[in-house]
Amino acid sequence: MRFFTTEGPVRPDRHYSLPPLSRWDLAEVLNLIDQEKYFLLHAPRQTGKTSCLLALMAHLNREGRYRAVYANLEPAQAYREQVDAAMATVTQAIAHGARWWLGDDQAEAVAAEVLESPGRHLAVQSFLAEWCARSPRPLVLLLDEVDALVGDTLLSLLRQLRAGYPQRPTAFPQTVILCGVRDLRDYRIHASSESEPITGGSAFNIKAESLRLGDFSAAETRTLLLEHTQETGQVFTPEALERVWELTRGQPWLVNALAYRACFKLPAGRDRSRPITLDLIDQAKEAMIVERVTHLDQLAHKLQEPRVRRVIEPMLAGLTPETVAEDDRDYLVDLGLLRRDGAGGLIVANPIYREVLPRVLTSGPRDSLPRIAPSWLKADGTLDPAALLDAFLAFWRQHGEPLLKSAPYHEIAPHLVLMAFLHRVINGGGTLEREYAIGMGRMDLCLRYGAVTLGMELKVWRDGRPDPLAEGLIQLDDYLAGLGLDSGWLVIFDRRAGQPPIAERTDSTTLPSPRGRSIHVIRA
């Protein structure tokens, strides 16, 4: 029986899958190959790049006009600035690929000859020239994980491909496709560990195109999920189908992971007589986030990079970054962490990532929280919003100052501490949803616990800026209207210099919003 997979290339005989070549413009790709072009395929990790390359190789070899070979260059990553060793590894990877995919033993013999001769730093160029000259048909070379190489190793590979380019197709590959997460413009190449970067374009100015493999569309997401129904008879409710799309926005790994967990891991989902419901999808989502599955853990690790922080920190604060380089913004889009919305702004790529980012950043404050008695719960276990407000004010006055130091992003430290407190409140019995984007000027939170829904807006009062109270009341009005609520919290963190200690300046009052809603204004 087939299943949803999240590990490695898809195998249609074992895995539910979409035809890989349907996910990009095959006619455009074949046209580039016919024109002897060298080009890039890039997309975020675990979106199906390798599956597409392998499918293209199989298509070309069936067609018979070219000989196509796939090779993964990741083993060469370990050598970093050891050019000779790295180029030998790349050469061997291509030769092994020729034997594996084409049954061509000649390639390994040629590789051995080249690697035994002087000048191993030019091994890739020499090997490809000699091997292609002996090939009965033009070669199409598909190199995966190219951006795993760094420094001089990447620089050497690109320049050797450029040097052999004029000899194509009789004594060099007709086409080379470089595949990785990033576009070539972001290949950070250094002549040494301390030198200024040399741009990827200057080392590989023969690139014709950069093709990006996109996420699934809504229709493709539905088609993939319904393969399970066709195979097993187990249906997804319409709400569950929509929820998968809503949570993932078609990110292939997330779609497969959610569906696999709902259909094959949760006990209720394994009963094929029962439908896959919206509740099962939400359970699967929450479990993935709590467990920090590998894909999400890799994503979270990126938050430590300075170029990621320069964009994500102001985004979480709702600010517009003043001096974030275009390369940094494009880098986050290439990683799949952010996407550009219809208006051209940057937003987090999907709701699961939107949930993961602040949860990761609140892990330090969460671990630093003192023991807090759940005074916000009534005797019957339901949430008392008034008691929750009192508990937060007491907590903030006593612990706010020291906990701010445990937050990894200084500019949004108050947001992270508040969210850490709210995670202690829900403690598996509720959910905390977040909305934020660059330039939004705020972060919105929605806490759901049983029958209680509480909407909050977080704003910061900074030096040189007016009191955000009036703006916050208007914005919160709109947010609460969308939630169908007639009351909520407006939390204003005063980050101006020279303010009294948190314990002295924290207070709360109730004000009407412009539309008459009851707003608890918390100044912290």
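Each remark here, short or long, concerns the structure printed above.
Attention in this report is confined to the structure presented alongside it.

Helix and strand content of the protein chain: 21 helices and 15 strands. Burial analysis of the protein chain (524 residues in total) assigns 53% to the buried set. In the protein chain, of all internal contacts separated by at least 6 residues, the share reaching a separation of at least 24 is 70%. As presented, the protein chain carries roughly 22300 Å² of accessible surface, and 49% of it is formed by carbon and sulfur atoms. In the protein chain, which carries 60 positive and 67 negative side-chain charges, the distance between the mean positions of the two groups comes to 1 Å.

With respect to the element layout, Glu 457 can be found in strand β12 (residues 452-461). Among the polar contacts listed, one links the side chain of Glu 457 to the backbone nitrogen of Leu 476, at a separation of 3.2 Å. Dropping the residues within four chain positions of it, Glu 457 is found in contact with Arg 442, Met 443, Asp 444, Gly 472, Gln 475, Leu 476, Trp 489, Leu 490 and Val 491.

On to the sheet that holds strand β15 (residues 518-523), then. Pairing is mixed in the open sheet, where six strands are placed in the order β10-β11-β12-β13-β15-β14. Each having just a single partner strand, β10 (430-435) and β14 (507-512) make up the two edges of the open sheet. Going from strand to strand, the sheet's axes swing by 20 degrees on average, the running direction of each strand aside. Contacting β12, β13 (487-494), β14 and β15, helix α18 (residues 385-404) crosses the sheet at an angle of about 10 degrees to β13.

Two aromatic rings, taken as a pair, are described by how far apart their centres are and by the angle between their planes. Tallying each qualifying case throughout the model produces 14 aromatic pairs. With centroids separated by 6.5 Å and ring planes inclined at 75 degrees, the aromatic side chains of Phe 4 and Phe 264 adopt a geometry described as edge-to-face. Of this pair, Phe 4 sits in the segment before α1 (26-34) while Phe 264 sits in helix α10 (residues 252-265), and the two are 260 residues apart along the sequence. Centroid distance Trp 396 to Phe 493: 5.4 Å. Interplanar angle 45 degrees. Geometry classified as tilted.

What follows covers helix α4 (residues 106-116). For an α-helix, 3.6 residues make a turn, and residues three or four places apart therefore share a direction. Among all positions in α4, only Ala 107, Val 110, Ala 111, Val 114 and Leu 115 are buried. Angular distribution of buried residues about the axis of α4 spans 130 degrees; they occupy a single face of the element. Summarising the contacts, the buried residues of α4 are in contact with α3 (83-102) and α5 (123-134).

Tallied over the entire structure, the rule returns one cavity of 30 Å³ or more. For the lining of the largest cavity, the elements supplying multiple residues, two or more each, are α18, β13 and α21 (502-505). Across the lining of the largest cavity, the residue classes tally to six nonpolar, no polar and three charged.

Now for the nonpolar core. With 97 residues, the main nonpolar core has Ile 312 and Phe 421 as its most contacted residues. Ranked by residues supplied to this core, first place goes to helix α19 (residues 413-426) with ten residues. Look past the residues within four positions of Ile 312 in its chain and what remains in contact with it is Leu 303, Leu 332, Leu 337, Leu 338, Leu 357 and Tyr 409.

At the junction of Arg 168 and Pro 169, the peptide bond is cis and its omega measures out at 0 degrees in the coordinates. A positive phi is found at Gln 46, a non-glycine position, where the angle reads about 60 degrees. With respect to the helices and strands, Gln 46 occurs in the loop between β1 (38-42) and α2 (49-63). Positioned with a positive phi, Arg 249 is a non-glycine residue whose angle comes to about 50 degrees. One can find Arg 249 in the loop between α9 (238-248) and α10.

Rules behind the numbers
Residues numbered from 1 in each chain as written. Predicted model: local features only at pLDDT ≥ 70, side-chain atom pairs only at ≥ 80, totals over all residues. Heavy atoms only, no water. Helix = DSSP H or I, 4+ residues; strand = E, 2+ residues; numbered from the N terminus. Buried < 20%, exposed > 50% of the residue type's maximum accessible area, 1.4 Å probe, protein only. Contact = heavy atoms within 4.5 Å. Areas by Shrake-Rupley, 256 points an atom, 1.4 Å probe, with all protein chains shown as cover. Lys, Arg positive; Asp, Glu negative; His and termini not counted. Charge placed at Lys NZ, Arg CZ, Asp CG, Glu CD. Polar contact = N/O pair within 3.5 Å; in protein donor to acceptor, adjacent residues only side chain to side chain. Pairing = 2+ DSSP bridges. Axes fitted to C-alpha atoms, helices over the stretch in contact; angles between N-to-C directions. Phe/Tyr/Trp six-rings, centres within 6.5 Å; stacked < 30°, edge-to-face > 60°. Arc of directions from axis to C-beta. 1 Å grid on protein atoms, 1.4 Å probe; cavity = no way out; pocket = protein on both sides within 12 Å on 5 of 7 lines; lining within 4 Å. Points joined across faces, edges and corners; volume = space filled by probe spheres on them. Nonpolar A, V, L, I, M, F, W, Y, C, P; charged D, E, K, R; others polar. Core = buried A, V, L, I, M, F, W, Y, C linked by side-chain atoms within 4.5 Å.

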